[in-house]
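Structure at a glance
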Amino acid sequence: MEIRSINAMRGPNYWSVRRHKLIVMVLDLQEMEERPSDKIEGFYERITTMFPGMYEHRCSVGEPGGFFQRIERGTWMGHIIEHIALEIQTLAGMDVGFGRTRGYGEYGVYNVVFAYMEESVGRYAAKAAVRICEALISGEDYDLSEDIQRMRELREEDRLGPSTGSIVEEAEARGIPWIRLNKYSLCQLGYGANQKRIQATVTSETSSIGVELACDKEDTKYLLEQAEVEVPRGDIIRRERSLEEACRYVGFPLVIKPIDGNHGRGITVNIQNYDEALEAFRHAKNSSRSGAIIIEKFIVGEDYRLLVINHKLVAAALRSPAHVIGDGKSTVQELIDEVNRDPRRGYGHEKVLTQITVNELTQTIIKDAGYALDSVIPDGEKLVLKDTANLSTGGTAEDVTDIVHPSNIAMAERISKIIDLDICGIDVMTTDISKPLSETGGAVLEVNAGPGFRMHLAPTTGLPRNVAAPVIDKLFPQKGDTGRIPIIALTGTNGKTTTSRLIAHIAKMKGYRVGYTTSDGVYIQNRLLMTGDCTGPSSAEFVLKDPTVNFAVLECARGGLLRAGLGFKKCDVGIVTNVAADHLGLKGIHTVEQLAKVKGVIPETVLPDGYAILNADDDLVYDMRRSVDCNVALFSMDENNPRIKALQRLHGITAVYENGYVTICRGEWKMRIMKAENIPLTYGGKAKFMIQNVLAAILAVHVQGISIEDMKAGLETFIPSAAQTPGRLNLFKFNDFNILLDYAHNAAGMRALQKFTNELDATVKVGIIAGIGDRRVEDNNEMGSIAAEMFDEIIIRQDKHLRGKTEEGLIKMLNDGIKMKDPNKKTTIIPSEREAITHAVKHAEKGSLIILCSDVVPDALELVKELKEKEARGELNLA
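Okay, so let's go over this structure.

**What about the overall build of the protein?**
The helix and strand inventory of the protein stands at 30 helices and 38 strands. With the principal axes as the frame, the protein shows a C-alpha extent of 105 × 70 × 60 Å. Going through the 879 residues of the protein one by one, you find that 55% of them count as buried. Counting contacts in the protein only where the partners sit at least 6 residues apart, residues at least 24 apart contribute 67% of the total.

Rendered as structure tokens:
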């Protein structure tokens, strides 16, 4: 068994538009094609013994035990590996259920697709499932425990914490998109200029002064004392020699803690004498960055956490540190083990409660209580095992929100304003939270910035509180605000980049701050910030992360969709320009129908009130309307297209080329925008494929509310040039000849270019062409045949984009195609693109047209510009 590749889908994708987190593993199982499960002796018994939980896998049978029935009857190893990957994730506490196994298009090679919760776990599960399957086939023993534990550890390393996760889940529930900005807890809610940020429970609106104050317990305590808030008597020291005097001033019992500590680090409570104080002081020193240590009166009572969000109390919890209750028979270790058997306890944050671990501190606390791990505690006696009540160390929480006394509520809300924190956790020690602190002798111990939500979201007892909701209410106060910006997404075989640029130009003319992605790079407000083919999900996220952008135009190509899915979950407008045979035979896509399904992901992600804009002249594109859940608008080069007429009768929106005009129709009413011949991009109406791009663009901006006047302004100022449309019909006029540079790189693109160049006058047309390494032999043959029809002379160059093929092999494919069409066609082979262009220019006849079909636009553009400069200086030498 050989794993060829493992890719992680993170957004809508070819396999599922709605299930975004999918692993796609390409698995070569040729050696197992003749050995399905029923042909392997003992396989059924071994897998049912190792994975009894797989009985719940219904598979295609549709009933419990269905997958086992498939194994017994005989099924392929790819299918079995899919189910193993799902089951081991479930055993590690991540219950995932979606999976598919499909042929890759090669004998014995499969796409094994399954869901994951954390990407690192999904990738590990893919490899582990193959190892396990190999062991099951060979009959070797396999210990699952190591894999299960490693996946649990990976999950804890990579997952969002419970606090951050709850805010993200609440945002998703409200339709607010989000992006994780680092591997920790920094997340963006919303897109572009409308984004807000959170880091755990600190938000982009949290006061930095408030955070600084909360981290400085001395200043916090001082401010609260000045505001007549009950706080314990205390002192702050830095040196050990000051400890004895501080203990006398404050009086035992004491609490000692670092001034800049958090999450319970370095805290020792209920200190009864100087020796204990000295040990606690040294412990606090080890956890302090500043060296300042608080010596504070230990307040008798129970530990409460009051959570205030947007200056309103939203939850309160009684916290208890990890502990055991003696039964007069069991040892301390046995009691801990029994507590950890509670199904609500898990590793890290995977469950409501965390398992209690025994570390050095725990052993010290047990020893101080007069016990050891092998001691038997009297029946009913409580033994505390940790010095703080944090849930992450095994503590428990009881929701007490409904019994907090009104005076304590008012105090907590007032404290949040004194410290100036929009989200804060206030630690209170009191014997009864239902009574004012002034009556119980209780006190406020700490004010915490970035408080944990876990104890409120899932208390051990009491009512869970959705404390994430008020956070989202504060960040997005307007009803229905989702933090989105307009997103127009485009795909298709040809025309994507030009249409993207045109839409971005029109939106910019309207006044939007536009970010857009293309196969040339990523632009933010017309500044090129990333170069190269930027049509994948990372480039889309780059635009959507940018806080200056309020309008996004995202070109989405086949490669990124198959590799990782989309970089967004929903868009406002989804455009499909056309679908033609291109890149077939790659990544399991072997037919144009499969390619259409890939590109159909774009319209399927449009929001319900948005628009899928489809080419009514393309059967495969038009059929995409059946799978969308949004409005549909159509464009066509024929106003009498029956599909256009049908939508117009339903009062739909269409764009057509009629009587020389590009026209938008609402129902059957026409709104003529401009004569096509007056739109510079169309070269006087000769470039019909450019007219088609214009129709898609004006429909997109129209449904986004941009006026006809703004459309006209954009169309009139969008010039086909190296600056605005690099590599797309760039015509360079020299004194004695012209050069036309275009990105035509597939048969459909070449045919469109052919129709345009047939309209151009020239004494001779010289074509410079190249094969593409990731195309089939027949595709490159066809490119050669079309070139033989288009050009009087052909120069084949081949120094780029070999992609696994040889230079000689690609040249031969093109040459074969040329000879099939015209065996006598004048053909010259010059592998270097630079040398090929230079040769064509040097030998150019007066009035000739050199047509350069380049798949590496920047290099070709640079050379042509260089030649123009030489001509201007009189240095261009012709033969």
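This is not the end of the story, as more comes after the structure.
**What about the packing of aromatic side chains?**
Under the criterion given, the structure shown has seven aromatic pairs. Taken together, a centroid distance of 4.7 Å and an interplanar angle of 45 degrees make the contact between Tyr512 and Phe551 tilted. Placement of the pair is Tyr512 in the loop between α17 (496–510) and β23 (514–517) and Phe551 in strand β26 (residues 551–555), with a sequence separation of 39 residues. In this structure Tyr512 comes out as partly exposed when scored by relative accessible area, which is 26%. Its relative accessible area of 0% is what places Phe551 among the buried residues.

**A word on the packing of helix α4 (residues 119–138) against helix α5 (residues 144–158)**
Closest axis-to-axis distance for the α4/α5 pair is 9 Å, and the angle between their directions is 170 degrees. Judged on the interaxial angle alone, α5 and α4 are roughly antiparallel. In this structure, α4 contributes Ser120, Val121, Tyr124, Ala125, Ala128, Arg131 and Ile132 to the contact, and α5 contributes Leu144, Asp147, Arg150, Met151, Leu154, Arg155 and Asp158. Looking at the contact of α4 with α5 residue by residue, the classes come out as eight nonpolar, one polar and five charged.

**Here's the deal with the pattern of salt bridges**
Taken as a whole, this structure holds 48 salt bridges when the rule is applied. Between Lys868 and Glu871 there is a salt bridge whose closest N-O contact spans 3.9 Å. Here Glu871 and Lys868 lie together in helix α30 (residues 857–872), a separation of three residues that amounts to about one turn. Taking relative accessible area as the criterion, Lys868 reaches 27% and is therefore assigned partly exposed. A salt bridge links Glu875 to Arg873; its shortest N-O distance comes to 3.1 Å. Classification of Glu875 by relative accessible area gives partly exposed; the value is 41%. Counted as one network, the salt bridges with shared partners bring together Lys217, Lys221, Lys257, Glu296 and Glu446.

**Topic: the sheet that holds strand β22 (residues 487–491)**
Across the sheet, which stays open at both edges, the 11 strands sit in the order β25-β24-β23-β26-β22-β27-β28-β29-β30-β31-β32 with mixed pairing between neighbours. Of all strands in the sheet, those bounded by a partner on one side alone are β25 (527–531) and β32 (669–675). The average undirected angle you get between the axes of adjacent strands in this sheet is 15 degrees. Alignment of β23 against strand β24 (residues 521–524), held across three bridges, turns out to be antiparallel. Directly across from Tyr516, in β24, lies its bridge partner Tyr523. In the packing of α17 onto the sheet, contacts are made with β22, β23, β24, β26 and β27 (571–576), and the angle to β26 comes to roughly 175 degrees. Where helix α23 (residues 642–649) meets the sheet, it contacts β29 (631–636), β30 (653–658) and β31 (661–666), and its direction lies at approximately 140 degrees from that of β29.

**Quick look at the side chain of Asp28**
With respect to the helices and strands, Asp28 occurs in strand β2 (residues 22–28). A distance of 3.1 Å separates a polar side-chain atom of Asp28 from the backbone nitrogen of Gln30. Those residues in contact with Asp28 that lie beyond four places of it in its chain are Met1, Glu2, Arg4, Gly108 and Val109.

Conventions we followed
- Residues numbered from 1 in each chain as written.
- Predicted model: local features only at pLDDT ≥ 70, side-chain atom pairs only at ≥ 80, totals over all residues.
- Heavy atoms only, no water.
- Helix = DSSP H or I, 4+ residues; strand = E, 2+ residues; numbered from the N terminus.
- Buried < 20%, exposed > 50% of the residue type's maximum accessible area, 1.4 Å probe, protein only.
- Contact = heavy atoms within 4.5 Å.
- Phe/Tyr/Trp six-rings, centres within 6.5 Å; stacked < 30°, edge-to-face > 60°.
- Axes fitted to C-alpha atoms, helices over the stretch in contact; angles between N-to-C directions.
- Parallel < 35°, antiparallel > 145°, perpendicular 65-115°, else oblique.
- Nonpolar A, V, L, I, M, F, W, Y, C, P; charged D, E, K, R; others polar.
- Salt bridge = Lys/Arg side-chain N within 4 Å of Asp/Glu carboxyl O.
- Pairing = 2+ DSSP bridges.
- Polar contact = N/O pair within 3.5 Å; in protein donor to acceptor, adjacent residues only side chain to side chain.

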